Amino acid sequence: MTHTVNHQIRLASRPVGLPTDGNWQFTTEPVTQPGPGGVLVKALYLSLDPAMRGWMNEGKSYIAPVGLGEVMRAGGVGRVVASNHPDFAVGDAVSGSLGVQEYCLIPEHEIRRSGLARIDLRAGSWTQWLNVLGMPGMTGYFGLMDIGQPKAGETVVVSGAAGAVGQTVGQLAKIKGCRVVGIAGGPAKCEWVVRELGFDACIDYKNGDVRAGLKAHCPQGVDIYFDNVGGEILDTVLTRINRKARIIICGAISQYNNTTPVAGPKNYLSLLVNRARMEGMVVFDYADRYPQAIAEMAGYLREGRMHSREDVVRGLENFPRTLLKLFNGENFGKLVLQVADDTA
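Calculation notes
Residues numbered from 1 in each chain as written. Predicted model: local features only at pLDDT ≥ 70, side-chain atom pairs only at ≥ 80, totals over all residues. Heavy atoms only, no water. Helix = DSSP H or I, 4+ residues; strand = E, 2+ residues; numbered from the N terminus. Contact = heavy atoms within 4.5 Å. Salt bridge = Lys/Arg side-chain N within 4 Å of Asp/Glu carboxyl O. Buried < 20%, exposed > 50% of the residue type's maximum accessible area, 1.4 Å probe, protein only. Core = buried A, V, L, I, M, F, W, Y, C linked by side-chain atoms within 4.5 Å. Pairing = 2+ DSSP bridges. Axes fitted to C-alpha atoms, helices over the stretch in contact; angles between N-to-C directions. Parallel < 35°, antiparallel > 145°, perpendicular 65-115°, else oblique. Left-handed = near helix turned anticlockwise from the far one by under 90°. Nonpolar A, V, L, I, M, F, W, Y, C, P; charged D, E, K, R; others polar. Arc of directions from axis to C-beta. Phe/Tyr/Trp six-rings, centres within 6.5 Å; stacked < 30°, edge-to-face > 60°. Lys NZ or Arg CZ within 6 Å of the ring centre and 35° of its normal.

A. Quick look at the environment of Gly78. By secondary structure assignment, the location of Gly78 is in strand 4 (residues 75–83). C-alpha separation for the pair Gly78 and Val41, spaced 37 residues apart in sequence, amounts to 6.3 Å. Look past the residues within four positions of Gly78 in its chain and what remains in contact with it is Val41, Lys42, Ala43, Leu44, Asp92, Ala93, Val94, Leu98 and Trp126.

Printed below as a string of structure tokens:
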């Protein structure tokens, strides 16, 4: 491996607004063997997520920001190519925090923090392990089931319905017996959400009135709102919530690249009037329970009760412009960057 070169993308500067090419530095370094207890992983696919924009900012958050000069943080899947750790063998398929690079060398003391774990490709494909069986799926599962606590017959609204988290939330809510209304951008996404994923309806926020759509498709009000976008859509949904409604704050992609301070929801007093609850969720809080959710949703995949769609772009060098697809609504499904082919 000493003659193998690792291509990496590092954070060169902190963006103001949308990330630009100037925020990134392309570097190379030799690939070296792992030390005692360490593991070397060849990355095959990397997960591109809206949360990455927040990790680029300096300041206190639920996770430390990526440092300037550091390899950009990213979850991924790949193959173990060298190992001195008893839990990982050469050839194992694994997932974990691999970074935006071709090879990830994980010392023994960072194995746990990296979340490195073996994955079973019989349960799902490489890209499904970054989608419904990965962090987005875990986010959707625990956000809906633990915070939303859905009951059969309730109405669930999901923003970003065609995205990675939204598609899992909506399908899971249908499986649990709920009426599900999605909010997505564009007729193609809305049609896919209804026809392929089985949502009861989908509102196109780009070509219509979200308020009118909620009135038409949620005549009995909203019991659970799973929010992935924030902003005006959150404010609008708050006008339609029922008593004891649950609002899960997962993300606010409409706000991530703002260059001015973000205002809070204008209609928050609806929570008081309706004795409703709004709660944020961070998926890492549920890490010890991932196997439970993976087992359940792998069963739904196997039975054909749940589907997943991934938007795959090939080439590490395409990372900067591919990341931007998340913020202009170009991606259709879970956005994934393919780094290499699986030759095992």
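B. Looking closely at the pattern of salt bridges. Taken as a whole and judged by the stated rule, the model has 14 salt bridges. Residue Lys174 pairs with Asp200 through a salt bridge whose shortest N-O separation is 3.1 Å. Highlighted residues: Lys174 in helix 4 (residues 164–175) and Asp200 in the loop between helix 5 (187–195) and strand 10 (201–204), separated in sequence by 26 residues. Judged by its relative accessible area of 34%, Asp200 is partly exposed. Here Glu296 ties to Lys176 by a salt bridge, and the two come within 3.1 Å at their closest N and O atoms. Taken together, the residues Glu296 in helix 9 (residues 290–303) and Lys176 in the loop between helix 4 and strand 9 (179–184) connect sequence positions 120 residues apart.

C. Representation of the nonpolar core. Among the nonpolar cores identified, the biggest contains 50 residues, and Leu133, Met138, Phe142, Val193, Met297 and Met306 are the most heavily contacted of them. Those elements that place two or more of their residues in this core are strand 3 (39–47), helix 3 (135–148), strand 8 (155–159), helix 4, strand 9, helix 5, strand 11 (222–227) and helix 9. Excluding its chain neighbours within four sequence positions, the residues that come into contact with Leu133 are Ala123, Gly124, Gln128, Met138, Ile294, Met297, Ala298 and Leu301. The next biggest cluster of nonpolar side chains, apart from the first, holds 32 residues, and it includes Leu11, Trp24, Met52 and Ile106.

D. Representation of the pairing of strand 5 (residues 93–97). Among the five residues in strand 5, four count as buried, and that is most of the element. Bridge analysis of strand 4 against strand 5 gives five bridges, and the strand direction is antiparallel. In the strand pairing of strand 5, Val77 is matched with Ser95. Note that strand 5 and strand 7 (residues 117–118) share two bridges and pair antiparallel. The residue bridging Val94 from the neighbouring strand is Arg118, located in strand 7.

E. Just the packing of helix 3 against helix 4, in detail. Packing of helix 3 against helix 4 brings their axes to within 8 Å, and their N-to-C directions diverge by 45 degrees. Taken together, the axis directions place helix 3 and helix 4 in an arrangement best described as oblique. Handedness of the helix 3/helix 4 crossing: right-handed. In this structure, helix 3 contributes Pro136, Gly137, Thr139, Gly140, Tyr141, Leu144 and Met145 to the contact, and helix 4 contributes Ala164, Val165, Thr168, Val169, Leu172 and Ala173. Split into classes, the residues belonging to the contact of helix 3 with helix 4 amount to nine nonpolar, four polar and no charged.

F. View of helix 6 (residues 210–217). Restricting attention to buried positions, one finds in helix 6 the residues Val210, Gly213 and Leu214. One face of helix 6 carries all of its buried residues, which in axial projection span an arc of 100 degrees. Along helix 6, exposed side chains directed more than 90 degrees from the buried face belong to Lys215 and Ala216. On its buried side, helix 6 packs onto strand 8, strand 9, strand 10 and helix 7 (231–238).

G. Up close: the packing of aromatic side chains. On inspection of all chains with the given rule, the structure shows four aromatic pairs. For the pair Trp24 and Phe319, a centre-to-centre distance of 5.0 Å together with 80 degrees between the ring planes defines the contact as edge-to-face. Pair noted here: Trp24 is in strand 2 (residues 24–30) and Phe319 is in helix 10 (residues 319–323), with a separation of 295 residues, a long-range link. On the basis of relative accessible area, Trp24 is assigned to the buried category, the value being 7%. Measuring from ring centre to ring centre gives 4.9 Å for Phe142 and Tyr286, while their planes differ by 10 degrees; the resulting arrangement is stacked. Of the two residues, Phe142 sits in helix 3 while Tyr286 sits in the loop between strand 13 (277–280) and helix 9, which places them 144 residues apart along the sequence. Side by side, Phe142 and Tyr286 carry an identical accessibility label, which is buried. An aromatic cluster is defined as three or more aromatic residues linked by ring pairs; in this entry it consists of Tyr141, Phe142 and Tyr286. Sitting above the plane of the Trp55 ring, Arg73 keeps its charged end 5.2 Å from the centroid. The lysine or arginine in question, Arg309, covers the ring of Trp192, its NZ or CZ lying 5.6 Å from the ring centre.

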